[in-house]
Amino acid sequence: MVTTPIPEVLTYLSLTRRPQRPWSLQLAQLHPLGRMGEIAEVVQAVLFLEKAAFVTGETVHVDGGQHAGRW
C-alpha cells in the first residue's frame, strides 16, 4: 500500500522570494487558517510519513483544513 501526501494551495513565496500577488492574498483569506501553506509544511508531512511505519494506505491532506469543507 502507498501512503500519499496531497498538498493543496501553497504559497510560492518561499521559492521565488517575491512578494505575494493580490490574488494570492485574496485566496489566503478564504483559507480556513487565513493563510496559504508553505512548502516546508508539506515536507514535514512527508518526513512524518517516512517515520510512521504503521501508517499505510492513507491519503494525508496537507491543506490546513481546506479538505474539511470551508470552500
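Everything numeric in this text was worked out from a predicted model, so none of it was measured. (Residues numbered from 1 in each chain as written. Predicted model: local features only at pLDDT ≥ 70, side-chain atom pairs only at ≥ 80, totals over all residues. Heavy atoms only, no water.)

S.K.: Sorry, what's going on with the environment of L49 here?
M.R.: Tracing the sequence through the fold places L49 in helix α3 (residues 39-51). Judged by relative accessible area, which is 15%, L49 ranks as buried. Note: C-alpha distance between L49 and P5 (44 residues apart in sequence) is 8.4 Å. Beyond its immediate stretch of four places on either side in the chain, L49 contacts T3, P5, V55 and V60. (Helix = DSSP H or I, 4+ residues; strand = E, 2+ residues; numbered from the N terminus. Buried < 20%, exposed > 50% of the residue type's maximum accessible area, 1.4 Å probe, protein only. Contact = heavy atoms within 4.5 Å.)

S.K.: Can you walk me through the confidence of the model for the protein chain in this structure?
M.R.: In low-pLDDT segments, the atomic positions of the prediction should not be examined closely. Scored by pLDDT, the protein chain has a mean of 77; 76% of the residues are at 70 or more. By mean pLDDT, the top-scoring element of the protein chain is α3 (90), and the lowest-scoring one is helix α1 (residues 13-16) (54). (pLDDT = per-residue confidence, 0-100.)

S.K.: Looking at this model, I keep getting lost on the pattern of salt bridges. Mind explaining?
M.R.: Pairs may arise between side chains of opposite charge once their charged atoms sit close together. If you walk through the whole model with that rule in mind, you get one salt bridge. Linking E41 and R35 is a salt bridge whose minimum nitrogen-to-oxygen distance equals 2.6 Å. On the basis of relative accessible area, E41 is assigned to the partly exposed category, the value being 25%. On the basis of relative accessible area, R35 is assigned to the partly exposed category, the value being 37%. (Salt bridge = Lys/Arg side-chain N within 4 Å of Asp/Glu carboxyl O.)

S.K.: Would you explain the environment of E50 in this entry?
M.R.: Examined against the element boundaries, E50 turns out to sit in helix α3. Taking the relative accessible area as the measure of exposure, E50 reaches 62% and is therefore exposed. A sequence separation of 47 residues divides E50 from T3, and the C-alpha atoms of the two residues are 9.4 Å apart.

S.K.: So what exactly am I meant to see when it comes to the side chain of D63 here?
M.R.: Topologically, D63 is positioned in the segment after β2 (59-62). Within the buried set, D63 has no salt-bridge partner at all; the shortest N-O distance to an opposite charge, 11 Å, is to R35. (Lys, Arg positive; Asp, Glu negative; His and termini not counted.)

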